[in-house]
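Descriptive analysis of the structure
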Amino acid sequence: HTFARAPFAGKAARLKASERHVVRREIKQPLKMNAVTIIAEAMDISTINSLLVDVTQAERSLQRELFDTVLKKEQVSERLAKHQNSVVALGPVQSGTTRLHSDILEMSALANVVSDQVRQLDTERNSVQATIAKVVLNVDVAACMDGITNSLENEEYEAAAGFVEALIHLQASLTSSGITKEKQHAQFDRTREAVANVIREKINSAAVEGDVVQVLTYGKLFPKLDLSHEGLSKICQYLCKRIAEQSNLDRLASTQGSSEGGGNCTALLSELFRSIVSCIEQHGADLVDTFGNNALETLIRSLNKECDTCGSQLLKNYMDYRNIFQTAKDVSAQNRNLVAAVESAVDPRVIEEYLEEIVSMCQISREYNRFLIDKLHNDPPHMLGDTGNMFNGDHYNRSLHEVVGFYVRLEEFYMYENVALAIRINEQGDSLTGSMVDDIFYILQKCARRASETGSIQAVCASLNHVNNILSSEVHNAIEEDLQRAGSNFLDFVVSEPSTEHETRQPQSATAVNNADVIADNVLVLMKDIELNLDGMFVAATEGERIKSCLHEIRDISSIFRQLSHDAIKDFVQGVLSHIRPIFDTISGQSYELNEDQYSEHEGCDPWVQHLLAELEQKVFQNLRPHFVSTSFDVFIGLFAEALAARMEGIVVNELRFSQLGGLLLEREIRRLILHLSSAFPHASVRESFARLTQIATILNMETPGEVVDFWGDLSASRLTEADIKKVLKLRTDFKIEIINSLPASQSRD
């Protein structure tokens, strides 16, 4: 230690603690650092001792590992022996693998040789098959060509078309086989054209002869020639020509100037539509089977085009034969009173014949359209395509629209003329109403129904407007004039003594009122009848609104005539009231300030009620009841009850004074009057009319003014206001005005 310490003492002392730690850490890694270098750097004894301890521990660890390895020597030896045996066994495997690899290489070479030979044989086989196919196709083509030639010579055109159809299929095969396309097409076109020319000649000859069976037979051969469109066109052309011949416009020309011209036009138009319908029904399905799903659509379009031409010509000829344009001018002139001579005036009966003919044409057109619509819905959609916009045609629709325009003008003239005639020849007869009431509404209903049968919204709305104008002008003026003329003799008729002549003779005043009342009812009946006829006819929203607007205006006319009737009845009521004025004078001259003795006297005698009822029953009700319709008489009773109650209220409030017994007497008289009238006329609201007067009588027989507060309670259920109640209370001579005025308003309402 002294030797080691002396030379290194100073330097070791200079080592820092951190350096010693580094040295110690490095000693723990003896494999990575030079041990001599470490020891040389560690000059401190403590460091060296520490290093020695570390080295000793490492040595011991190595000894333990070495000892463990020595212990495993036997296991390692056993494993090495086993591996040695495995190496010996792998020798035969290696030699077998080598032989297998060489065999595989040899077989692969042989497979490549065989594959090349197979590919060469397949190519040669395809060439042989192509050659055979060419030979077979050439034989088939030659057979078809020979078949076509023989069939044409034997006039077996269906067989020839069949050979052409077979040739068309062979054409596709020949094209794919590599033969020159130009040569193929040229040969095929020449052959097909030769057959097609022969069939064209035959179908044209059949069309000239009018043989529809042959036309259809030859036409059905065109699809086999790959000329379906041409064949279908020829069939449709022939059918259209046949339809045009059947319409036979010359037949209409032969009737020009005769009375049968218009009817003949209608018959021809009907025959035209029936021919088209029959043609579609007879040939449509057959053409679809032959030419495909679009054949029916093509047929309908072609026939509709012919229908458009023939139908429009028929309508134009009809307007010429009937001279509709000039007739419409004459009608307009007559409406403006420009035609003075009676013999030159237009006869409404002739106009009616024209109207019926036009309506018949419109109905025929609607039935034709309905058939096409049903055809669209009943047949499968793929058979028809889009045919919804091709019904009739532009020319026919324009002509029909023009005819409907003339119809509107003629119908207006017919309505005005016949209504004016009905008003002029109005007769009284034994009926409660004049003859013009039934005549007018028969004419209006007939014209409205006829307009609906045209199916034209233009004609329907125009007709409804004419109905409204006629009712609001001509008919209204006629009824108003009748009421004005009849008002003067109404009172004389009412107050006359009943007699046999009186019962059988219908007064003009009652007839005028009945006419207005029945017309008001008939307007509503006419409106409902029009609604029923038009139900479901016009489905478009705008058309429905137009119809509703016209019907609403007609419905308003009913209230106008009802008001005319009510106003006239009000005048009658005032006349009756003036007739019974002496009875009112009796009431106003009677004293109701009664004591008990006077009240007892009045119980035994009736000063005015019995007299009033007798006068009304014998001279008013008995005279009027047989001559008024039930609704008018009920209105008369209702208005009379209201007027009678108002007149009596005016007498009670303004001319009389009461005691309690007088109020009790008034209440008894009023109740008796109400009981008689309500029993005699149960349909009239008599009690409602006398409700206010009844409440006045009830107030007048109260014992004290304060009782009215408890009696009435809520004034909302009363016909009298608070001011009215206080005014009635002041009619009592035994009530003090101060007490009545002191009644609190709140108590009067509670």
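Residues numbered from 1 in each chain as written. Predicted model: local features only at pLDDT ≥ 70, side-chain atom pairs only at ≥ 80, totals over all residues. Heavy atoms only, no water.

**Some details on the overall build of the protein chain**
A count of helices and strands for the protein chain gives 33 helices and zero strands. By the burial criterion, 41% of the 750 residues in the protein chain qualify as buried. Partitioning the contacts of the protein chain with sequence separation of at least 6, the portion at a separation of at least 24 is 78%. Of the accessible surface of the protein chain, which amounts to about 41100 Å², a share of 52% is contributed by carbon and sulfur atoms. (Helix = DSSP H or I, 4+ residues; strand = E, 2+ residues; numbered from the N terminus. Buried < 20%, exposed > 50% of the residue type's maximum accessible area, 1.4 Å probe, protein only. Contact = heavy atoms within 4.5 Å. Areas by Shrake-Rupley, 256 points an atom, 1.4 Å probe, with all protein chains shown as cover.)

**Points about the side chain of threonine 454**
Mapped onto the elements, threonine 454 comes out in helix H17 (residues 435-454). A polar contact is formed between the side chain of threonine 454 and the backbone oxygen of alanine 451, at a distance of 2.5 Å. Among residues more than four places away in sequence, those in contact with threonine 454 are Val359, Cys362, Arg366, Tyr407 and Ala459. (Polar contact = N/O pair within 3.5 Å; in protein donor to acceptor, adjacent residues only side chain to side chain.)

**Focus: unusual backbone geometry**
Even without being glycine, glutamate 155 reaches a positive phi, approximately 60°. If you trace the backbone, glutamate 155 turns up in the loop between helix H6 (73-153) and helix H7 (157-176). The exposed category is assigned to glutamate 155, whose relative accessible area is 53%. The phi torsion at aspartate 226 lies on the positive side, around 60°, for a residue other than glycine. Of note, aspartate 226 is situated in the loop between helix H9 (212-219) and helix H10 (228-247).

**Looking at the side chain of asparagine 468**
Looking at where asparagine 468 falls in the secondary structure, it is placed in helix H18 (residues 457-486). Classification of asparagine 468 by relative accessible area gives buried; the value is 11%. When residues no more than four places from it in sequence are discounted, the contact partners of asparagine 468 are Glu553, Ile554 and Ile557.

**Comments concerning the layout of surface pockets**
Reported here for the largest pocket is a volume of approximately 730 Å³. Lining the largest pocket are 23 residues; nearest its centre among them are Ser365, Arg366, Asn369, Thr454 and Gly455. Secondary structure elements with two or more residues in the lining of the largest pocket: helix H15 (348-378), helix H16 (394-424) and H18. It is H15 that contributes the most residues to the lining of the largest pocket, six residues altogether. Looking at the lining of the largest pocket, its residues break down into 10 nonpolar, 10 polar and three charged. (1 Å grid on protein atoms, 1.4 Å probe; cavity = no way out; pocket = protein on both sides within 12 Å on 5 of 7 lines; lining within 4 Å. Points joined across faces, edges and corners; volume = space filled by probe spheres on them. Nonpolar A, V, L, I, M, F, W, Y, C, P; charged D, E, K, R; others polar.)

**Examining the packing of aromatic side chains**
With the rule as written, the count across this model stands at 12 aromatic pairs. If you follow arginine 732 out to its NZ or CZ, it ends over the ring of phenylalanine 735, 4.0 Å from the centre. (Phe/Tyr/Trp six-rings, centres within 6.5 Å; stacked < 30°, edge-to-face > 60°. Lys NZ or Arg CZ within 6 Å of the ring centre and 35° of its normal.)

**A look at the packing of helix H13 (residues 295-321) against H16**
Packing of H13 against H16 leaves a shortest axis separation of 7 Å and a crossing angle of 25°. Here H13 lies roughly parallel to H16, going by the angle between them. Regarding H13 and H16, the two cross each other, and that crossing is left-handed. The segment H13 lies against H16, with Asp308, Gly311, Ser312, Leu315, Lys316 and Met319 engaging Asp394, His395, Tyr396, Ser399, Leu400, Glu402, Val403 and Phe406. For the contact of H13 with H16, the residue count by class is six nonpolar, four polar and four charged. (Axes fitted to C-alpha atoms, helices over the stretch in contact; angles between N-to-C directions. Parallel < 35°, antiparallel > 145°, perpendicular 65-115°, else oblique. Left-handed = near helix turned anticlockwise from the far one by under 90°.)

**Examining the packing of helix H22 (residues 541-579) against helix H23 (residues 581-589)**
Relative placement of two packed helices is described by the angle separating their axes and the distance separating the axes. Between H22 and H23, the shortest axis-to-axis distance is 4 Å and the interhelical angle comes to 55°. Taken together, the axis directions place H22 and H23 in an arrangement best described as oblique. Note on element contacts: H23 touches H22 through Arg581, Pro582 and Phe584, opposite Leu577, Ser578 and His579. Split by residue class, the contact of H22 with H23 holds three nonpolar, two polar and one charged.

**Focus: the environment of lysine 619**
Tracing the chain through its elements places lysine 619 in helix H25 (residues 609-624). Sequence separation of lysine 619 and histidine 579 is 40 residues, and the distance between their C-alpha atoms is 9.9 Å.

**Quick look at a nonpolar patch on the surface**
Among the surface-exposed residues, Val128, Ile132 and Val136 lie close enough to one another that they form a single nonpolar patch of about 250 Å² accessible area. By the secondary structure assignment, valine 136 is in helix H6. Since its relative accessible area comes to 43%, valine 136 is described here as partly exposed. (Patch = residues over 30% accessible without salt bridge, like charges linked within 9 Å, V, L, I, M, F, W, Y side chains within 5 Å. Salt bridge = Lys/Arg side-chain N within 4 Å of Asp/Glu carboxyl O.)

**Here we look at the nonpolar core**
Counting residues in hydrophobic clusters, the biggest one holds 187 residues, and the most contacted among them are Phe636, Leu644 and Phe690. For phenylalanine 690, the residues in contact, after removing those within four places along its chain, are Ala641, Leu644, Ala645, Met648, Ile670, Leu673, Ile674 and Leu677. (Core = buried A, V, L, I, M, F, W, Y, C linked by side-chain atoms within 4.5 Å.)

**A short note on helix H5 (residues 45-71)**
An α-helix turns once per 3.6 residues; consequently, residues spaced three or four apart project the same way. In this model H5 runs 39 Å from its N-terminal to its C-terminal C-alpha over 27 residues, within 8% of the 39 Å that 1.5 Å per residue would give. Of all the residues in H5, the buried ones are Thr47, Ser50, Leu51 and Asp54. (Expected span 1.5 Å × (residues − 1).)

**Examining the pattern of salt bridges**
Counted under the stated rule, the structure contains 22 salt bridges. Residues joined in a network through salt bridges with shared partners are Glu193, Arg200 and Glu230.

**Digging into H25**
When the terminal C-alpha atoms of H25 are compared, their 21 Å separation across 16 residues agrees well with the 22 Å that a helix rising 1.5 Å per residue should span. Of all bends in H25, the biggest is about 40°, found at glutamate 617. Taken together, the buried positions of H25 are occupied by Val609, Leu612, Leu613, Glu615, Leu616, Val620, Phe621, Asn623 and Leu624. (Bend = angle between axes of the 7 residues up to and from the residue.)

**Quick word on the environment of leucine 731**
For leucine 731, the location among the structural elements is in the loop between helix H31 (722-729) and helix H32 (737-741). Beyond its immediate stretch of four places on either side in the chain, leucine 731 contacts Val652, Val653, Leu656, Arg657, Phe658 and Leu700.

**A short note on the state of the cysteines**
Two cysteines whose sulfur atoms are joined by a covalent bond form what is called a disulfide. Going through the model one piece at a time under the given rule, you end up with zero disulfides. Looking at cysteine 236, it has no disulfide partner, and the nearest cysteine sulfur is the one in cysteine 240, 6.4 Å off. The exposure class assigned to cysteine 236 is buried, which follows from its relative accessible area of 3%. (Disulfide = S-S within 2.5 Å.)

**Describing the confidence of the model for the protein chain**
Residues with a pLDDT of 70 or more make up 81% of the protein chain, whose mean pLDDT is 80. Per-element averaging of pLDDT across the protein chain places helix H1 (residues 2-5) at the bottom with 39 and H17 at the top with 94. Predicted confidence for residues 380-390 stays below pLDDT 50, and this span has 23 contacts to residues more than four positions away or in other chains. (pLDDT = per-residue confidence, 0-100.)

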